[in-house]
Amino acid sequence: MTKSINFNKSLIAFIVLLSSFSFSQNTEKFKLTSEWQLLENSSDVNFYVKRTECAVAGFKLPLIYTFLKIENLSNQPKSLLFNFGLQYTEGCNGCEAGKEHAAYINIPANTTLEGDCNFKETQLTQLIKNPNLSGGWNFERPVITNLIIE
């Protein structure tokens, strides 16, 4: 009986230890850099993100943005519906379904679209932080939610 109880305790301790290693690997911090990084891929469509500082008229310090690059690797045009949101410690901005935050993009076959400081592709642009203002939320990572590819 004592051996069985000790075995069960050892087994439980081992499972707890193993699950803590697994959990820590899944919660690894995302580091947004100035280089394009793959955020998500689905149905021959790749979503990349990067961080960029853009000088904007009227602000002393440049504003910090994240830009999205979408790459259609297929020989067919794609219609994309998604939310390009920002995950903060305090919550997610733009992640919820609905027309207010939804992006609808038609991307031709074998084509790449990307956001940049010219702001021509507004659906591929998100303001992370305005360093000219104090306070604000603590940015964690950009996210793609509610993705539909047709």
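Residues numbered from 1 in each chain as written. Predicted model: local features only at pLDDT ≥ 70, side-chain atom pairs only at ≥ 80, totals over all residues. Heavy atoms only, no water.

A. Structural view of the overall build of the protein. The number of helices and strands found in the protein is 1 helix and 9 strands. Going from N to C terminus, the protein has its helices and strands arranged as α-β-β-β-β-β-β-β-β-β. By residue count, 31% of the 150 residues in the protein fall in the buried class. Sequence separation of 24 or more characterises 62% of the internal contacts of the protein that already satisfy a separation of 6 or more. For the protein, the computed accessible surface area is about 9900 Å², with 54% contributed by carbon and sulfur atoms. (Helix = DSSP H or I, 4+ residues; strand = E, 2+ residues; numbered from the N terminus. Buried < 20%, exposed > 50% of the residue type's maximum accessible area, 1.4 Å probe, protein only. Contact = heavy atoms within 4.5 Å. Areas by Shrake-Rupley, 256 points an atom, 1.4 Å probe, with all protein chains shown as cover.)

B. Representation of the confidence of the model for the protein. On average, residues of the protein score 86 in pLDDT, and 81% of them are at 70 or above. Note that residues 7-27 has pLDDT below 50 and, in this model, 0 contacts with residues that lie over four places away or in other chains. (pLDDT = per-residue confidence, 0-100.)

C. Just the packing of aromatic side chains, in detail. One pass over the structure, following the stated rule, counts 6 aromatic pairs. On the numbers, 5.5 Å between centres and 70° between planes, the contact of Phe 47 with Phe 82 is edge-to-face. Residue Phe 47 is located in strand S2 (residues 45-54), and its partner Phe 82 is located in strand S4 (residues 78-88); the two are separated by 35 residues in the primary sequence. The same class applies to Phe 47 and to Phe 82, which are both buried. Pairing Tyr 65 with Phe 67 gives two aromatic rings, centres 5.9 Å apart and planes at 10°, and the pair type is stacked. Residue Tyr 65 shares its accessibility class with Phe 67, and that shared class is buried. Through a chain of ring-to-ring contacts, the aromatic side chains of Tyr 65, Phe 67 and Phe 119 assemble into a single cluster. Note that Lys 69 overlies the ring of Tyr 48, its terminal NZ or CZ placed 5.0 Å from the centroid. (Phe/Tyr/Trp six-rings, centres within 6.5 Å; stacked < 30°, edge-to-face > 60°. Lys NZ or Arg CZ within 6 Å of the ring centre and 35° of its normal.)

D. Seen up close, the state of the cysteines. By the definition in use, this model includes 2 disulfides. The disulfide bridge from Cys 54 ends at Cys 117, spanning 1.9 Å between sulfur atoms. Between Cys 54 and Cys 117, the disulfide has an S-S torsion of -70° and is therefore left-handed. Of this pair, Cys 54 sits in strand S2 while Cys 117 is found in the loop between strand S7 (111-114) and strand S8 (125-129), placing the two residues 63 residues apart along the sequence. Judged by relative accessible area, Cys 54 falls into the buried class, the value being 1%. Judged by its relative accessible area of 32%, Cys 117 falls in the partly exposed class. (Disulfide = S-S within 2.5 Å.)

E. Representation of unusual backbone geometry in the model. In this model, Asp 44 sits at a positive phi of 65°, which is unusual for a non-glycine residue. Note on Asp 44: relative accessible area 47%, which makes it partly exposed. Non-glycine residue Phe 119 carries a positive phi angle of around 60°. Residue position: Phe 119 is located in the loop between S7 and S8.

F. Spotlight on a nonpolar patch on the surface. Together, Leu 81, Tyr 104 and Ile 148 line one region of the surface with nonpolar side chains, adding up to about 280 Å² of accessible area. Mapped onto the fold, Ile 148 is located in strand S9 (residues 139-149). By relative accessible area, which is 42% here, Ile 148 ends up partly exposed. (Patch = residues over 30% accessible without salt bridge, like charges linked within 9 Å, V, L, I, M, F, W, Y side chains within 5 Å. Salt bridge = Lys/Arg side-chain N within 4 Å of Asp/Glu carboxyl O.)

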